[in-house]
Every structure is written in structure tokens, then in C-alpha cells.
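The primary structure of each chain is shown beneath.
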Amino acid sequence: MAFAYQVLDIVIAGILAGVTTFAFASVAPRIATDMGVLFAALYYFSRNPWGGNGEAINEAVDGVYARLVPGK
């Protein structure tokens, strides 16, 4: 299951990078890609880049992943 969760993390981080890059492209095109990569890395490496109740958020994300990825 851990491999499937990691694949989902990568896909979500990629989507986050694309959306962030697109959003920043019209406002600040020179840093759009940098911001996209930054936000994707923050998500991928911590899943809770803005602090707070990180354990609860990570458990909620794992719960969503458990529903998306078929069980054993």
C-alpha cells in the first residue's frame, strides 16, 4: 500500500505544481515555475506545509488514499 500512496502523493504534487504555475503565470511569470515546484515539494515532503494539526491531516489524507486505492 505504501507504494500506491506514494504514487498518489506524486500525482497530487504534480497537479498542485501545475495549478500553482498556471495561477502565478499571469501575475508573476518569472517565478511561476519556481512557486509551483515549491508548493509541490512542500506537499510531497510534509503533506502539511502550513503547520497546525499535522498528524490529524495526514491521517485524513491516508483515509482518503485508503478509499481510492484498492485493498489487499
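The following paragraphs examine the structure supplied in this document. This is a predicted model, so every value here is computed, not measured. (Residues numbered from 1 in each chain as written. Predicted model: local features only at pLDDT ≥ 70, side-chain atom pairs only at ≥ 80, totals over all residues. Heavy atoms only, no water.)

## Considerations on the overall build of the protein chain
Thinking step 1. Looking only at helices and strands, one finds three helices and zero strands in the protein chain.
Thinking step 2. Its helices and strands taken in sequence order, the protein chain reads α-α-α from the N to the C terminus.
Thinking step 3. Along the longest, intermediate and shortest principal axes, the C-alpha atoms of the protein chain span 45 × 25 × 15 Å.
Thinking step 4. Burial status across the protein chain gives 22% buried among its 72 residues. (Helix = DSSP H or I, 4+ residues; strand = E, 2+ residues; numbered from the N terminus. Buried < 20%, exposed > 50% of the residue type's maximum accessible area, 1.4 Å probe, protein only.)

## Side note on the side chain of Asp9
Thinking step 1. Examined against the element boundaries, Asp9 turns out to sit in helix 1 (residues 2-25).
Thinking step 2. Excluding residues within four positions of it along the chain, Asp9 makes contact with Tyr43, Tyr44, Arg47 and Tyr65. (Contact = heavy atoms within 4.5 Å.)

## Here's the deal with the packing of helix 1 against helix 2 (residues 32-46)
Thinking step 1. Where helix 1 meets helix 2, the closest approach of the two axes is 7 Å, and the angle between their N-to-C directions is 150°. The angle between helix 1 and helix 2 falls in the class roughly antiparallel. In this structure, helix 1 crosses over helix 2, and the sense of that crossing is right-handed. Residues Gln6, Asp9, Ile10, Ile12, Ala13, Leu16, Ala17, Thr20, Thr21, Phe24 and Ala25 of helix 1 touch helix 2, and the partners they reach there are Ala32, Thr33, Met35, Gly36, Phe39, Ala40, Tyr43 and Tyr44.
Thinking step 2. For the contact of helix 1 with helix 2, the class distribution of residues is 13 nonpolar, five polar and one charged. (Axes fitted to C-alpha atoms, helices over the stretch in contact; angles between N-to-C directions. Parallel < 35°, antiparallel > 145°, perpendicular 65-115°, else oblique. Left-handed = near helix turned anticlockwise from the far one by under 90°. Nonpolar A, V, L, I, M, F, W, Y, C, P; charged D, E, K, R; others polar.)

## Some points on the environment of Arg67
Thinking step 1. Inspection of the secondary structure puts Arg67 in helix 3 (residues 54-68).
Thinking step 2. The spatial distance from the C-alpha of Arg67 to the C-alpha of Gly14 is 21 Å, given a sequence separation of 53 residues.

## Regarding the nonpolar core
Thinking step 1. Counting residues in each nonpolar core, the largest one holds eight residues, listed as Tyr5, Ala13, Ala17, Ala40, Tyr43, Val61, Tyr65 and Val69.
Thinking step 2. Counting only elements with at least two residues in this core, the list comes to helix 1, helix 2 and helix 3.
Thinking step 3. At three residues, helix 1 tops the list of elements feeding residues into this core.
Thinking step 4. Excluding its chain neighbours within four sequence positions, the residues that come into contact with Val61 are Tyr43 and Arg47. (Core = buried A, V, L, I, M, F, W, Y, C linked by side-chain atoms within 4.5 Å.)

## Some details on helix 1
Thinking step 1. For helix 1, with 24 residues, the first-to-last C-alpha span of 34 Å sits near the 34 Å given by 1.5 Å per residue.
Thinking step 2. Among all positions in helix 1, only Tyr5, Asp9, Ala13, Ala17 and Thr20 are buried.
Thinking step 3. Looking at the packing, one finds that the buried side of helix 1 touches helix 2 and helix 3. (Expected span 1.5 Å × (residues − 1).)

Note that all results are geometric; they support no functional claim without further evidence.
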